[in-house]
Every structure is written in C-alpha cells, then in structure tokens.
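# Breakdown of the fold
Chain by chain, the residues:
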Number of protein chains: 2
Amino acid sequence: MLTADDHAPTAADGGQQPKPVTIALVLYPGFTALDIIGPFEVLAFAPGHDAVFVAAEPGPVTDDTGRCQLIASASLDQVTAPDVVVIGGTLSTKEPDQEVVQWLRRVHPGTTWTTSVCTGAIYLAAAGILDGQDATTHWAWAGELERRGARYTEQRVVERGKVITAAGVSAGIDMALTLLARLHGPEIAMGLQLGIEYDPQPPFDTGSPSKVPPEMVEVVRSQLYTLAAAEPASSK
Amino acid sequence: MLTADDHAPTAADGGQQPKPVTIALVLYPGFTALDIIGPFEVLAFAPGHDAVFVAAEPGPVTDDTGRCQLIASASLDQVTAPDVVVIGGTLSTKEPDQEVVQWLRRVHPGTTWTTSVCTGAIYLAAAGILDGQDATTHWAWAGELERRGARYTEQRVVERGKVITAAGVSAGIDMALTLLARLHGPEIAMGLQLGIEYDPQPPFDTGSPSKVPPEMVEVVRSQLYTLAAAEPASSK
C-alpha cells in the first residue's frame with residue numbers, strides 16, 4: 001500500500017523535506033480534466049510533494065468529453081493515507097461513483113486537507129463530509145449540493161477547517177494556490193504562481209453568473225444540463 | 001489518415017455544424033500538463049469541435065513532472081490536416097522534438113489557426129513559423145524565443161495573422177477563449193467562460209514578473225532552470 005513514507009523525495013524538494021506530502025488526485029470515469037489538472041500543476045512542482053493520480057483501478061480513465069484519457073498510477077485501495085485529497089467534478093448527471101465515495105469516507109479522517117473542485121463537492125457531500133457545512137461548487141449545481149446537505153456559499157474558494165471547496169472547473173487553480181499557502185506559507189505559493197505565470201487576463205468578464213445577463217445564465221445552464229445528460233461522444 | 005471529414009459530429013454540436021473543426025493538441029515527452037489541458041477544456045466542449053491528442057505514436061505520454069500521463073489517440077502521421085493546432089510547452093532544456101517540429105512545418109500551411117502556450121512557442125519558432133514575428137512565451141524563456149528568431153512581446157496573448165501565442169502555462173486558457181471568439185464569435189466564448197466558471201481570483205497578485213520584487217523573479221527563474229535541467233522524478 002502506498003503511503004507518504006513509501007515515496008522517495010523528488011528532485012524538486014532539494015532535500016529539505018524528508019517526508020513527502022502525498023497528494024491524491026482522484027480520477028473516475030467522466031471526470032472534468034481541467035478540474036484536476038489545474039490543482040495538479042500547482043501542487044506537483046511544490047517542494048516535497050508526491051502527486052499521485054488514483055482511481056478504482058490503475059490505468060486509463062476517460063473524461064467527460066470522451067476525448068481525454070489520464071492514467072491513474074495507483075488504485076484507491078493502494079492509497080490509504082494521503083495527506084491531501086483533491087477530487088474534481090464531472091459534467092454528468094450520474095450518481096457519484098460509490099467506490100470513490102466510500103474511499104473518501106475512509107481516508108478523510110486522516111488527511112491534512114480534503115479538497116474539491118467544481119462538482120467534486122457533491123462527492124464530498126455524498127461521503128458525509130459537508131453535512132451542514134458551508135461549501136461551494138459549480139454555480140449550476142448549487143441546488144444539488146444543498147440537496148445533499150451542504151450550505152452553498154457563493155465564493156470562489158471556501159475554506160472550513162481542513163476542507164477546501166472550489167467553484168467550477170477553473171477555480172481549482174485558485175484553490176490550489178490557497179492550499180499551497182496553507183501547506184508551506186505564502187512565499188512558496190506566490191513563487192509558484194509566478195512560475196505558472198498565473199496572471200489571468202480573460203478576454204471577457206463573463207466567468208460568473210453575477211456578471212452576465214440572466215438570459216445568458218439560463219442558456220448556459222441549459223447547455224450544461226443537456227451535455228450532462230448526454231453520453232460522451234466517444235466514451236468507452 | 002484523420003482529417004476533419006473523418007469525424008462524425010459530436011453530441012455537443014447539436015447538428016448545427018456539419019463539418020467538425022479538428023483541434024490537434026500536441027503531446028510530447030516532458031509536456032506541461034496545464035498548458036494543454038487549459039485550452040483543451042475550453043475548446044473540446046465548443047459546438048462542432050473534434051479535439052484529438054496527437055503524439056509521435058498513439059499511447060501514453062509522460063509530462064514534465066513525471067507524474068501525469070495523458071494518452072494520445074492518434075499519431076502525428078495520422079493527423080495531416082488539423083484545422084487548429086495547439087502546442088504546449090515543457091519545463092525542459094532539451095532541444096525541441098524534431099518529429100514534432102517537422103510535423104508543425106508540414107501542417108501549418110493548411111491550418112486555420114496555429115497556436116502555442118508557454119514554451120510551445122519555441123516549437124513554433126523551431127519550425128520557422130515565428131521568423132521575425134511578434135510572439136510571447138513563458139517570461140523565463142523570452143531570451144530563448146528571441147534567440148530562435150521571434151520578437152518577444154510581453155503580452156498575455158499575442159495574435160498575428162493566424163498564429164496565436166500565449167504566455168506561460170495558465171495563459172493557455174486566455175488564449176483559447178480568444179481563439180474560440182475568433183472561430184465562432186464572442187457569444188460562444190463568453191458562454192464557455194461562464195460554463196467553466198472562469199472568474200479568476202488568485203489569492204495573490206504575483207503572476208507576472210512586473211508584479212513582484214526582482215529578487216522573487218530571480219529566485220523563481222533559478223528554480224525553473226534547475227527543474228528544467230533535471231530529469232523528472234519518475235520519467236520513463
């Protein structure tokens with residue numbers, strides 16, 4: 001079984017951190033790729049981190065477009081004591097994968113930080129981790145999160161105790177920088193932000209429902225629900 | 001050989017676009033995952049798009065952390081007429097992969113848009129696509145880009161003719177939204193931005209060398225060059 005102790009320090013840690021921080025990035029069929037790769041890129045290069053993609057079984061896992069396959073290097077059963085869990089969301093109306101939910105329930109008591117991006121929060125809620133707690137998720141799934149017992153909070157990143165939830169998809173980058181600052185102090189996070197040149201300048205300012213006309217919100221909501229109900233174009 | 005015509009419309013296009021737009025996302029050993037997944041997430045869900053990960057050979061390709069493996073579904077030889085090319089960067093001091101450079105040189109004349117993220121611009125320069133042209137790349141590799149014949153332009157996204165280059169890593173998201181607006185008009189791009197809830201709120205404002213003290217720039221530059229010279233922790 002993989003634990004933090006099983007991994008040798010990486011080249012990136014400069015020998016300063018004897019015990020790597022195991023970051024478990026959870027994959028399941030239909031995951032949204034940017035939800036998980038955003039935090040991965042921020043966390044994988046940080047000193048002393050050991051980032052591991054985990055899934056029910058090792059091997060390829062297909063995303064919600066049916067076009068992107070990421071390889072899990074370890075099974076959920078092999079990763080019993082991650083320091084940090086990152087679970088991303090999915091553009092799917094399916095019920096959360098129960099194997100993942102059970103794993104979250106098992107490992108959460110031992111984590112330093114348990115985090116989600118987008119509808120990954122619905123996985124945390126299904127595991128009973130957000131009962132009665134403030135949390136965020138993708139704006140179009142706020143009602144679903146509440147239905148599962150959390151209190152939806154309209155913020156980019158919500159930190160409560162050791163649980164950090166992020167809003168939709170791209171919010172995982174902001175969440176991971178917040179997390180990195182908690183793990184190693186703000187200087188490391190600031191340097192990492194410079195390293196990935198994260199000085200966002202989107203060509204439009206339409207990233208939040210509060211910033212666009214209500215009609216656009218409803219059109220996009222409808223498109224998202226239609227995509228969520230559809231099978232990916234070339235899923236396996 | 002794969003061309004745009006070989007692909008059936010995806011579920012996402014709603015039947016509006018009879019001829020899919022083939023988006024070739026180029027993978028090579030040592031690629032930076034977020035460089036390519038940022039644009040992928042923006043472009044893959046757009047109506048009528050067919051996103052394809054391509055590499056020298058189909059199969060897994062390992063990133064520059066040694067921790068992330070993405071699967072290429074097609075070889076470079078199979079994708080002869082992509083409408084859009086996206087080439088991401090790498091945290092590596094190696095010379096650009098010659099097979100990729102030759103492929104870029106071959107397909108570029110037929111593309112609608114040829115784009116890069118981060119040091120992917122160095123691949124475009126190596127293919128002769130940026131000779132004497134304004135372009136951007138990761139700030140720490142600006143000199144290298146100039147050495148290869150381009151004029152480094154300190155902007156997040158630089159569009160010249162049908163070539164769009166983006167700054168480091170995370171800038172690919174901004175580039176892809178710009179590209180999407182060019183392909184289908186601003187409304188589609190604005191809706192997509194809302195769909196991925198791209199309302200960035202980084203916890204710090206240190207994403208550009210102009211925003212931090214010179215000492216931090218030099219520390220991060222030195223760390224990047226050290227990482228670039230090192231072998232990934234668990235590369236194959």
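See the structure printed just above.
The present account deals with the structure reproduced in this document. (Residues numbered from 1 in each chain as written. Chains lettered and ligands numbered in written order. Predicted model: local features only at pLDDT ≥ 70, side-chain atom pairs only at ≥ 80, totals over all residues. Heavy atoms only, no water.)

### Quick word on the interface of chain A and chain B
Accessible area lost upon the coming together of the parts serves often as the stated size of an interface. Under the convention used in this document: Any two residues whose heavy atoms approach within 4.5 Å at even a single point are treated as in contact. Accessible area that two parts lose when put together, with a 1.4 Å probe and added across both, is what the buried area reports. Salt bridges are defined by distance alone: a side-chain nitrogen of Lys or Arg within 4 Å of a carboxyl oxygen of Asp or Glu. Polar contact criterion, stated in full: a pair of N or O atoms within 3.5 Å, where within protein one must be able to donate a hydrogen and the other to accept it, and residues adjacent in sequence count only if both atoms are side-chain atoms.
Contacts between the two partners involve 69 residues from chain A, matched on the other side by 69 residues from chain B. In total, about 5,800 Å² of surface goes out of reach between chain A and chain B, with carbon and sulfur atoms giving 68% of it. Among the residues chain A hides against chain B, the three largest losses belong to A:Arg67, A:Leu194 and A:Glu197. Together they make up 14% of the total. The tally of links between chain A and chain B comes to 4 salt bridges. In this structure, B:Asp199 engages A:Lys211 in a salt bridge whose closest nitrogen and oxygen atoms are separated by 2.7 Å. At the boundary of chain A and chain B, one finds 38 residue pairs in polar contact (both at pLDDT 80 or more).

### Remarks on the sheet that holds strand 13 (residues 163-166) of chain B
All names here are of chain B. We count it as follows: Strands are labelled as partners when DSSP assigns at least two bridges between them. The numbering of helices and of strands both runs from the N terminus, where a helix is a DSSP run of H or I of at least 4 residues and a strand a run of E of at least 2. Here the axes come from fitting lines to C-alpha atoms, over the contacting stretch only for helices, and the angles between their N-to-C directions go from 0 to 180 degrees.
The 7 strands are arranged 6-3-2-8-9-13-12 in an open sheet whose pairing can be described as mixed. Unpaired on one side and paired on the other, strand 6 (74-75) and strand 12 (157-160) mark the two borders of the sheet. For strand 9 (residues 113-117) and strand 13, the ladder comprises 4 bridges, and the chain directions are parallel. By the bridge assignment for strand 13, Val 117 is matched with Ala 166. Contacting strand 2 (21-26), strand 3 (49-55) and strand 8 (84-87), helix 2 (residues 98-107) runs over the sheet at an angle of about 155° to strand 8. Lying on the sheet, helix 5 (residues 171-184) is in contact with strand 3, strand 8, strand 9, strand 12 and strand 13; it crosses strand 9 at an angle near 165°.

### Looking at the sheet that holds strand 9 (residues 113-117) of chain A
Residue and element names in this part refer to chain A. The strand order across the open sheet built from 7 strands is 6-3-2-8-9-13-12, with neighbouring strands paired in mixed fashion. The open sheet has two edge strands with one neighbour each: strand 6 (74-75) and strand 12 (157-160). Docked against the sheet, helix 1 (residues 33-44) engages strand 2 (21-26), strand 3 (49-55), strand 8 (84-87) and strand 9, running at close to 155° with respect to strand 3.

### Thoughts on the environment of A:Glu95
Residues and elements named next belong to chain A. Mapping Glu 95 onto the fold places it in the loop between strand 8 and helix 2 (98-107). As a C-alpha pair, Glu 95 and Ile 164 span 69 residues in sequence and 22 Å in three-dimensional space. Side chain to side chain, Glu 95 and Arg 148 meet in a polar contact 2.8 Å long.

Everything listed here is a matter of coordinates, which is why it stays silent on function.
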